[in-house]
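# Remarks on the overall topology
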Amino acid sequence: MTDWPLYFELLSQWLVECDQDHECHQKAEFYPTRLIFVGDSDPNKLRLVEQASLLLALVKGAGQMDYLALSHCWGRPTTDEKKRYCTTPENIRKRRKGFTFEDLPKTFQDAVQVTRKLGKRFLWIDSLCIIQEEEGKSDWKRESKLMEQVFSSAYCTIAATSAVSWKEGFLERKSTIQSVQVQDVSGNRIHVCNNVDNFNDDVEDGNLNKRGWVLQERVLSRRIIHFTKRHTYWECGEGVRCENFTRMATPPGKQYFLLDPKFPDRLTRSGYYRTVQFLQYLFQQYARCGLSLSLDREIAISGLMERMKRVFQTEQKHGVFARYLAGLLLWRRSEESTTGGVFEDQPSWSWMRYTAIEFERVPHDILVADDATLRFSAEEKALVVKFRSFQNCTVEHGTGAVLIAESRIMGTWWFETTLDPKLKQNVVVVGVEVQKRRDLDKTCWVLVTQKSSEDQYRRVGIGKIEARYISEEGHEGRLL
Ligand SMILES: [Zn+2]
């Protein structure tokens, strides 16, 4: 059994400590279009409030207007459940006047409880604050572009990690917490979690983090309370804490960047190659997230991409930043994804095209192709590239693979589609190893392209090969 007063006292303590001692939180200068007011004297009464009335109340000095944001799994609500629980064009007027606690599914009820216990009066939940089931999805289209501000301006994010659907709830935990009592140096008894580092299992590999939309919700949030099956965790710019009083030092690397409350400040200070490595990790994670709709593939991460684009001061298209072009073009389709999960509307050069990809680790000493031979085109889905030919070798079309032979296999290759012997293959150099002295010995990281029957060049794979096998000359063209 959880000792609720003590439990919520601890959560409040985490917030207070962070408010007072850290620089994680900033006073909100943005308010979402709609919020749920949970601070009525009648605990059963809730109300949907619009931004205009919020701002008016703020001017009138209505006290603190902090809001909490819920990050959660939708599960698979039925049409009836959506109609009943979501805000729709039919019920929005009524909801502005007021609705009841019982009108909400368990997960949302728990979020209301947490908001109240933490002394706050406003809560943001996507399915209630964005109009759902609307023809043309106009509200959704407008609101989904505001996710960056919604999560980064929230006082704190509630991550309903253990709830696989709206009906689950996340406050009641079935398993008992395993902890041991030990004495500290002054003889006080303290609890210590005896399975200390479960953050990876509970949060990183948790169900919630497999949902596409959650990646940006997590990265953009300044502070998060993760409600998992086993433990409750606090995450802010200064590190991760477990309810059992264990404190995890901010680990170096990926987590350090993810915890950054001003993401991607820490990343930009880390240098070019660490940034490339982190972006590769981030997109690899994201590519695997279960997004079924092609439209969602770009939108569910658009808030995060916008933020990074602004800070990196570079162009972004289909998940690829101009400034980190080489590293972000060198992906390959994972074995596990070869049986499906193709997003046909994504260009052939974008990692967003497949559900599972792995990036090639780009060494520190490669010289990336310059703007003159590799850049974004003004045309939405095109890259301007220099197509070169294979030379001093022949392309052999084997069973599902291709060999570049000179009586032996040259280079290392990964192909996402089978090559057609009737079509011409070219190479696009994206990076060259600088260490070796002789130019011909240098390893080149390349995209392999194929000119299709519609006279279009498309990427079919990537590879590494010595410069002697690639022609110096080439022609400029569009890769789609
Ligand atoms: Zn903090």
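These notes cover the structure that comes with them. All values reported here derive from a predicted model rather than from experimental measurement. (Residues numbered from 1 in each chain as written. Predicted model: local features only at pLDDT ≥ 70, side-chain atom pairs only at ≥ 80, totals over all residues. Heavy atoms only, no water.)

When its secondary structure is counted, the chain shows 16 helices and 26 strands. Along the first, second and third principal axes, the C-alpha set of the chain runs to 80 × 60 × 40 Å. In the chain, 69 side chains carry a positive charge and 66 a negative one; their mean positions are 2 Å apart. (Helix = DSSP H or I, 4+ residues; strand = E, 2+ residues; numbered from the N terminus. Lys, Arg positive; Asp, Glu negative; His and termini not counted. Charge placed at Lys NZ, Arg CZ, Asp CG, Glu CD.)

The zinc ion binds to the protein through Cys18 (SG), His22 (ND1), Cys24 (SG) and Cys236 (SG), with metal-donor distances spanning 2.1 to 2.4 Å. Around the zinc ion, the 4 donor atoms are arranged such that angles at the metal cover 100 to 123°; this shape is classified as tetrahedral. Counting the intervening residues between successive donors of the zinc ion yields the motif C-x3-H-x1-C-x211-C. Here Cys18 falls in the buried class, since its relative accessible area comes to 0%. (Donors = N, O, S within 2.8 Å, 3.2 Å for Na, K, Ca; no water. Tetrahedral: all angles 85-135°; square planar, octahedral: opposite > 155°, others 65-115°. Buried < 20%, exposed > 50% of the residue type's maximum accessible area, 1.4 Å probe, protein only.)

Let us now look at the packing of helix α13 (residues 272–288) against helix α15 (residues 302–312). Contact geometry of α13 with α15 gives a least axis separation of 14 Å together with a crossing angle of 170°. Taken together, α13 and α15 sit at an angle that is classed as roughly antiparallel. Across from Thr275, Leu279, Leu282 and Phe283 in α13, the residues of α15 making contact are Leu304, Met305, Met308 and Phe312. When grouped by side-chain class, the residues that make up the contact of α13 with α15 number 7 nonpolar, 1 polar and no charged. (Axes fitted to C-alpha atoms, helices over the stretch in contact; angles between N-to-C directions. Parallel < 35°, antiparallel > 145°, perpendicular 65-115°, else oblique. Contact = heavy atoms within 4.5 Å. Nonpolar A, V, L, I, M, F, W, Y, C, P; charged D, E, K, R; others polar.)

What follows deals with the packing of helix α10 (residues 212–220) against α15. The interhelical angle for the contact between α10 and α15, taken along N-to-C directions, is 45°, at an axis separation of 8 Å. Taken together, the axes of α10 and α15 lie oblique to each other. Taken together, the residues of α15 that come into contact with α10 (itself represented by Leu215, Gln216, Val219 and Leu220) are Ser302, Gly303, Leu304 and Arg307. Within the contact of α10 with α15, the residues separate by chemical class into 4 nonpolar, 3 polar and 1 charged.

For the structure on display, the rule yields 32 salt bridges. For Arg223, the salt bridge identified is with Asp19, shortest N-O distance 2.9 Å. Taken together, the residues span a long stretch of sequence, with Arg223 in the loop between α10 and β9 (224–227) and Asp19 in helix α1 (residues 4–21) at a distance of 204 residues. Here Asp19 falls in the partly exposed class, since its relative accessible area comes to 34%. (Salt bridge = Lys/Arg side-chain N within 4 Å of Asp/Glu carboxyl O.)

This brings us to α15. When we look at burial in α15, the residues that qualify are Gly303, Leu304, Met305, Arg307, Met308 and Phe312. The inward-facing, buried residues of α15 abut α8 (147–153), α10, α12 (265–268), α13, β13 (316–317) and β14 (320–321). Directly after α15, the chain includes Gln313, whose backbone phi takes a positive value near 50°.

Its location among the elements puts Asp439 in the loop between β23 (425–433) and β24 (443–451). Taking relative accessible area as the criterion, Asp439 reaches 58% and is therefore assigned exposed. Taking the C-alpha atoms as reference points, Asp439 and Asp370, 69 residues apart in sequence, are found 17 Å from one another.

By the alternation rule, side chains of strand β6 (residues 156–159) split into Cys156 and Ile158 and Thr157 and Ala159, which are all buried. Where strand β3 (residues 67–71) lies against β6, 4 bridges are found, and the strand directions are parallel. Its bridge partner being in β6, Ser71 is matched across the sheet by Ala159. Judged from the 3 bridges that link them, β6 and β9 form a sheet pairing that is parallel. What sits directly across from Thr157, in β9, is Ile224. (Pairing = 2+ DSSP bridges.)

All chains considered together, the criterion is met by 28 aromatic pairs. Geometrically, the ring pair formed by Phe199 and Tyr233 is edge-to-face, given 5.2 Å between the ring centres and 75° between the ring planes. Of this pair, Phe199 sits in helix α9 (residues 199–204) while Tyr233 is found in strand β10 (residues 232–236), placing the two residues 34 residues apart along the sequence. This pair shows no difference in class: Phe199 is buried, exactly as Tyr233 is. Arranged with centres 5.9 Å apart and planes meeting at 50°, the rings of Phe263 and Phe278 form a pair that is tilted. Remark: Phe278 occurs in helix α13 and Phe263 occurs in the loop between α11 (254–258) and α12; sequence separation between them is 15 residues. On the basis of relative accessible area, Phe278 is assigned to the buried category, the value being 2%. (Phe/Tyr/Trp six-rings, centres within 6.5 Å; stacked < 30°, edge-to-face > 60°.)

Time to look at the nonpolar core. Trp124, Phe170, Phe283, Met308 and Trp351 are the most contacted members of the largest nonpolar core, which has 111 residues in total. With sequence-adjacent residues up to four places away left out, Met308 is seen in contact with Phe263, Pro264, Leu279, Leu282, Phe283, Gln313 and Phe321. Grouped together as the second largest cluster of nonpolar side chains are 16 residues, Cys393, Met410, Val429 and Val448 included. (Core = buried A, V, L, I, M, F, W, Y, C linked by side-chain atoms within 4.5 Å.)

Relative to the assigned elements, His226 resides in strand β9. His226 has contacts with Ala159, Thr161, Phe199, Val203, Arg218, His231, Thr232, Tyr233 and Glu235, leaving out every residue within four places of it along the chain.

Further remarks concern the sheet that holds strand β4 (residues 99–100). With mixed pairing, 10 strands are arranged side by side in an open sheet as β4-β2-β1-β5-β3-β6-β9-β10-β11-β12. Looking at which strands have only one partner, the edges of the open sheet turn out to be β4 and β12 (247–248). Here strand β1 (residues 34–37) pairs with strand β2 (residues 45–50) via 4 bridges, running antiparallel. Within β2, the residue paired with Phe37 across the bridge is Arg47. Packing against the sheet, helix α2 (residues 51–59) makes contact with β1, β2 and β5 (122–124), and its axis sits at approximately 95° to β2.

Take unusual backbone geometry next. Residue Pro264 is bonded to the preceding Phe263 through a cis peptide linkage, with omega at 5°. Relative to the assigned elements, Pro264 resides in the loop between α11 and α12. The phi dihedral of Gln313 is positive, around 50°, even though this residue is not glycine. Position of Gln313 among the secondary structure elements: in the loop between α15 and β13. In this structure, Asn392 takes a positive phi of about 55° despite not being glycine. With respect to the element layout, Asn392 can be found in the loop between β19 (383–390) and β20 (394–397).

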